[in-house]
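Working through the structure, step by step
Read off the chains here:
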There are 4 protein chains.
Amino acid sequence: MTANEGFPWPDGKRAAAAITVDFDAESAMLFENPASVDYLNLMSLQWYGPRVGIFRILRVLEGRGVRGTFFVPGFTVDRWTDAVRRVHAEGHELGHHGYLHEPLYDLDERTEEEYLTRGLEAFAKAGLPAPRGFRAPKFRLTFKTPALLARHGFRYDSSLMDSDHPYALAVGPPAPAATIIELPVHWPLDDWAYYAFAPGFTPLSTIQRPESVLAAWVEELDAIADVGGCFVLTIHPFLSGRPARIRAVDRLIAHIQAREDIWLTTLGEIADHTASLELDPVVNVAPVHPYPDRLETARPATFT
Amino acid sequence: MTANEGFPWPDGKRAAAAITVDFDAESAMLFENPASVDYLNLMSLQWYGPRVGIFRILRVLEGRGVRGTFFVPGFTVDRWTDAVRRVHAEGHELGHHGYLHEPLYDLDERTEEEYLTRGLEAFAKAGLPAPRGFRAPKFRLTFKTPALLARHGFRYDSSLMDSDHPYALAVGPPAPAATIIELPVHWPLDDWAYYAFAPGFTPLSTIQRPESVLAAWVEELDAIADVGGCFVLTIHPFLSGRPARIRAVDRLIAHIQAREDIWLTTLGEIADHTASLELDPVVNVAPVHPYPDRLETARPATFT
Amino acid sequence: MTANEGFPWPDGKRAAAAITVDFDAESAMLFENPASVDYLNLMSLQWYGPRVGIFRILRVLEGRGVRGTFFVPGFTVDRWTDAVRRVHAEGHELGHHGYLHEPLYDLDERTEEEYLTRGLEAFAKAGLPAPRGFRAPKFRLTFKTPALLARHGFRYDSSLMDSDHPYALAVGPPAPAATIIELPVHWPLDDWAYYAFAPGFTPLSTIQRPESVLAAWVEELDAIADVGGCFVLTIHPFLSGRPARIRAVDRLIAHIQAREDIWLTTLGEIADHTASLELDPVVNVAPVHPYPDRLETARPATFT
Amino acid sequence: MTANEGFPWPDGKRAAAAITVDFDAESAMLFENPASVDYLNLMSLQWYGPRVGIFRILRVLEGRGVRGTFFVPGFTVDRWTDAVRRVHAEGHELGHHGYLHEPLYDLDERTEEEYLTRGLEAFAKAGLPAPRGFRAPKFRLTFKTPALLARHGFRYDSSLMDSDHPYALAVGPPAPAATIIELPVHWPLDDWAYYAFAPGFTPLSTIQRPESVLAAWVEELDAIADVGGCFVLTIHPFLSGRPARIRAVDRLIAHIQAREDIWLTTLGEIADHTASLELDPVVNVAPVHPYPDRLETARPATFT
């Protein structure tokens, strides 16, 4: 039996699921290419999120009686404050998602921390509670990040891909005194992998039909639930907030709720439950590159 | 309720739809790579539009009794004048689509205006009425463009992506004295996202079947109509004019007409109706980039 | 009515179809990156064609009683002479496909002609008849190519994309004394658009199922036949010669033959029929680029 | 009849099949970009293999009573020794897959041999038997590789794509004294072609549903079996080990076993059977590039 089976969920549930929403608005595009500040079409593509999509998602969650977890870059908090406050007011969980949706690869620790701090300040300035959870923009975090998160009081991260269920993560191999909870994700559960289409900005080359995406998600959901895992859906208001796509989200939630053996809740509650289990933490050791002479071929990760 | 629901359509209609045709011919390829003037295969791929596809589209519209809106680059007007005149003679609306299909990103205002003017001159020279509507090539316009359009007497633009229904757009935040009407588009409603395939010129990597594209469009149409929005289809004569693909367009129109609760008309009429509502204009404020030191990483948008 | 409808096919047929086979073997890869001469895996991928696929295709054509048209680069004639001779011996038509599968873009006329001549010499050296038809590698020919083809006695070309049926093509606008016949192609009828997958060499990112490809081709075939056009299928032995894919070809041919209103034959016979109609030739005039200052941004076409 | 039909399988079987597993873990990413040592998300994506996926695959093979062939880079042996030992302990075959998943293109012979040797040392150090089979990382081997494999005592390679069945391969044209057995592969039988998705590291742009992938594999399997070939499936623990995808593998194996005319076994056994047939070896002669002046345009193959 693999470690993935038999994870102890509360109340006799067999598996868990969470609807998470990455409320990026225009932040990712501005970080990737600052020239975007002048690109009205590109901005309007992203603004569909805060202007329309976020409200569609809220209504679907309300209609199904589900609380979600919304990861919000600080720039979105600053610029679309009312929409973020409304998410909070409707009882959903807010999480940290960088300040300007900065992937954390290829940075020194001080810069990583500046981005983290600037994101936290935006929440504070808007009178919103400090988030307990973090998701790295583009899921990109480094071996330095978990310790930073622990130092700033985060309870959990949701950016890694090496398990089907939550686990305790030691924040460093040298002195694993602290742990955070990791709530893993995976690309096929992210609407970006099916819908992203911004010529000149993404290399993605097709747009899938919402009905096909729903079928893919249902297939994933059932399989993850059957092994007792945690299905973490990731959607974006500017993508899944569109009329045809929100139906796929709504029908997916209906499918989850119809199963009854799945605990559908926020990442925060799943993290608290996981913490209560006092699991032995996973300790990640960064690989040592076996070819020192190839290190000079190292290069920054591309955005896409 | 989001702002998208409850848009007041005339005559008790629930939603609106428009068939728009971007009649690019060879212009986009010539702008992107001037070496294309010698590429006979590439030219012939694009010439399918003015030589065959445009007439197929006209016949389908005639068969269904539908008037469409055709956005035509000035270069197409100059080079394929008879075909453009025939579109006009059959009662369809002509719109502005640049002179040589120039995306408007990364230009100074004077160059943006030169392209606009040169396109208008082509219409005048061909004895065609000045277009009242504009669509930016590749949908790419900047925060400077709406004011230019207003100054040149345009009633509407159809290039943005931040709403499911039309709206009034203030042409600038400093002095929103003027407005134009915005009739939003979206990539999944554009045949380019499914059919574009020109190795070495597009990074697109697949060609979808017309039956799959029809299914995608019907799914989008029904969802947009159900929220009371405006379904703006964008097709290209060199793509959707092919025998198997024109059937998808024809069957989509039949599907729209069968619903009866959808007002299927030109963008010009939808713009006039929207203007008559005297809506409060949307004011777009360009984001201020929060990392001034990153501005030096700004770079021109790529064509694809 | 567009020019495409009502093309006069012989014997009361409504439409025509041809199975064409681009027998590239390793030539395209060698031209694109000469380092390929050492890449055994890449060579083996391409060698599936002359070692296995070509014979599968021959057997299917034999089983269905169909003659095809095989476009063969001179390098394939030199290196896989027996296989090419067998194609000829079984009664199929051989056509010219460059020497080393050279796309003809960005070359001076002398180089274009060298490639043409070198390909012809390979046929002569192998004792094979001089081909009457030409297909440009990657379909890439220039405004200079038709005159070259006429000067070397070619009857037809099959590389352009601006019609659904054959036509007479004037070999130049200055003195259209000569014509060749053009038998147009299109990407969705080319197996390369669905199956090509060679990481690091093609940007294509998916492999479609043969059953899906068959469905796409049947959809195209029926639509083209219904408008009285000419369906020109393009397949490659290293792609469509695989076990599951050859079935799609076989079933497509069965579908064509079951319709009875389609004339299924070689391109040479279709070209002869077209020539007999003494049609007014199409005269292609290369566009004059309207922005002389942009000509300095011209750049060679990329391979993919 | 092509050479592919009528290959003599033992015990009256019509065809053969093998489940092969490329157990890369993080090695490919580290070789391609050494900066990956710090990319925790990317590492976690790859670690799903040794932490979860490998055990799911083992359980499915055990449940179906099937022995597989696992190609393991030496770095995986060094870093995930217990998982590799378990694969061995459960009776599966281990094969060589480079040390750090090094594609063998563009290297001198000494470097090719260093990678081969370093991989062998990892097996020895872990007390595992020396592998008899080799699969080149990314299937990339050169005309120099077969002789190297023979010199180091390998019985077979499984990286080429020019046949549907095994064959004897002469290790060099100058003195074909030695042969190895080749067990060919093909991209549509590799889960990487359907599931790979790592933005910034792969150019792949879509993720297919496991049910679609299963349908593709069944279509391939049936066609290959019907021509008497050898179906070599290639899966990766970090891809096919996921809950929904492992079902596709399990159902594919059930489909193979239900046919009864297919010999489902390890590559090692298929190689031994093939060797016993004492077939005339295939001699591969590297092409001589016909345009010496183009050799200066040779460039290293890109990773993707």
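Okay, so let's go over this structure. Fair warning: this is a prediction, and the values are worked out from it, not measured in the lab. (Residues numbered from 1 in each chain as written. Chains lettered and ligands numbered in written order. Predicted model: local features only at pLDDT ≥ 70, side-chain atom pairs only at ≥ 80, totals over all residues. Heavy atoms only, no water.)

1. A few points about helix H10 (residues 243-259) of chain D
All names here are of chain D.
- If you check H10, its first and last C-alpha atoms are 25 Å apart, about what 17 residues at 1.5 Å a residue would give, namely 24 Å.
- For H10, the set of buried residues is Pro243, Ala244, Arg245, Ile246, Ala248, Val249, Leu252, Ile253 and Ile256.
- Looking one or two places after H10, you find Glu260, whose phi comes out positive at around 65°. (Helix = DSSP H or I, 4+ residues; strand = E, 2+ residues; numbered from the N terminus. Expected span 1.5 Å × (residues − 1). Buried < 20%, exposed > 50% of the residue type's maximum accessible area, 1.4 Å probe, protein only.)

2. Observations concerning the packing of helix H2 (residues 40-64) of chain B against helix H10 (residues 243-259) of chain B
Residues and elements named next belong to chain B.
- Two numbers describe how H2 lies on H10: the axes approach to 10 Å, and their chain directions differ by 25°. When the axes of H2 and H10 are compared, the pair comes out roughly parallel. Crossing hand, H2 versus H10: right-handed. Note on element contacts: H10 touches H2 through Pro243, Ile246, Asp250, Ile253, Ala254 and Gln257, opposite Tyr48, Arg56, Ile57, Val60, Leu61 and Arg64.
- Classifying every residue of the contact of H2 with H10 gives 8 nonpolar, 1 polar and 3 charged. (Axes fitted to C-alpha atoms, helices over the stretch in contact; angles between N-to-C directions. Parallel < 35°, antiparallel > 145°, perpendicular 65-115°, else oblique. Left-handed = near helix turned anticlockwise from the far one by under 90°. Contact = heavy atoms within 4.5 Å. Nonpolar A, V, L, I, M, F, W, Y, C, P; charged D, E, K, R; others polar.)

3. What to know about the interface of chain D and chain A
- Taken together, the contact between chain D and chain A spans 44 residues of the former and 60 residues of the latter.
- Here chain D and chain A share 6 salt bridges between them.
- For the salt bridge of A:Arg299 with D:Glu32, the shortest nitrogen-to-oxygen distance reads 2.5 Å.
- Here chain D and chain A share 28 residue pairs in polar contact (both at pLDDT 80 or more) between them.
- Put simply, the parts of the chain that give the side of chain D that touches chain A at least two residues each are helix H1 (27-32), helix H2 (40-64), helix H3 (74-79), helix H5 (109-125), helix H8 (210-226) and H10 of chain D.
- The element best represented in the side of chain D that touches chain A is H2(D), accounting for 13 residues.
- Split into classes, the residues belonging to the side of chain D that touches chain A amount to 25 nonpolar, 6 polar and 13 charged. (Salt bridge = Lys/Arg side-chain N within 4 Å of Asp/Glu carboxyl O. Polar contact = N/O pair within 3.5 Å; in protein donor to acceptor, adjacent residues only side chain to side chain.)

4. Focus on the pairing of strand S1 (residues 15-22) of chain D
Residues and elements named next belong to chain D.
- With 8 of its 8 residues buried, S1 lies for the most part within the structure.
- Taking every second residue as pointing to the same face, both faces of S1 are buried, with Ala15, Ala17, Ile19 and Val21 on one and Ala16, Ala18, Thr20 and Asp22 on the other.
- When S1 meets strand S9 (residues 262-264), the two strands line up parallel, connected through 3 bridges. Residue pairing in the sheet places Ala17 in a bridge with Leu264 of S9.
- Across 6 bridges, S1 lies against strand S8 (residues 230-235) in parallel orientation. Opposite Ala18, over in S8, you have Val232 as the bridge partner.
- Summarising the sheet, S1 and strand S2 (residues 69-72) pair through 3 bridges and their orientation is parallel. In the strand pairing of S2, Asp22 is matched with Phe71. (Pairing = 2+ DSSP bridges.)

5. Re unusual backbone geometry
- We note that B:Glu278 has phi near 50°; this positive angle belongs to a residue other than glycine.
- Mapping B:Glu278 onto the fold places it in the segment after helix H11 (267-276).
- Look at C:Glu260: it is not a glycine, yet its phi comes out positive at around 65°.
- Looking at the element boundaries, C:Glu260 is found in the loop between helix H10 (243-259) and strand S9 (262-264).
- For C:Glu260, a relative accessible area of 63% corresponds to the exposed category.

6. Quick notes on the pattern of salt bridges
- Applying the stated criterion across every chain, the model contains 100 salt bridges over all chains.
- For A:Arg155, the salt bridge goes to A:Asp272, with nearest N and O atoms at 2.5 Å. Of this pair, A:Arg155 sits in the loop between helix H6 (145-151) and strand S5 (156-157) while A:Asp272 is found in helix H11 (residues 267-276), placing the two residues 117 residues apart along the sequence.
- Here A:Asp272 falls in the partly exposed class, since its relative accessible area comes to 29%.
- The closest approach of N and O atoms between B:Asp222 and B:Arg259, which form a salt bridge, is 3.1 Å. Separated by 37 residues along the polypeptide, B:Asp222 in helix H8 (residues 210-226) and B:Arg259 in helix H10 bring together distant segments of the chain.

7. A few points about H5(D)
All names here are of chain D.
- Taking 1.5 Å per residue, 17 residues should reach 24 Å; H5 reaches 24 Å between its end C-alpha atoms and fits that length.
- Structurally, H5 contributes buried residues whose contacts are with H1, S2, H3, strand S3 (93-96), strand S4 (133-134) and helix H6 (145-151).
- After H5 finishes, the residue Gly127 shows a positive phi value of roughly 70°.

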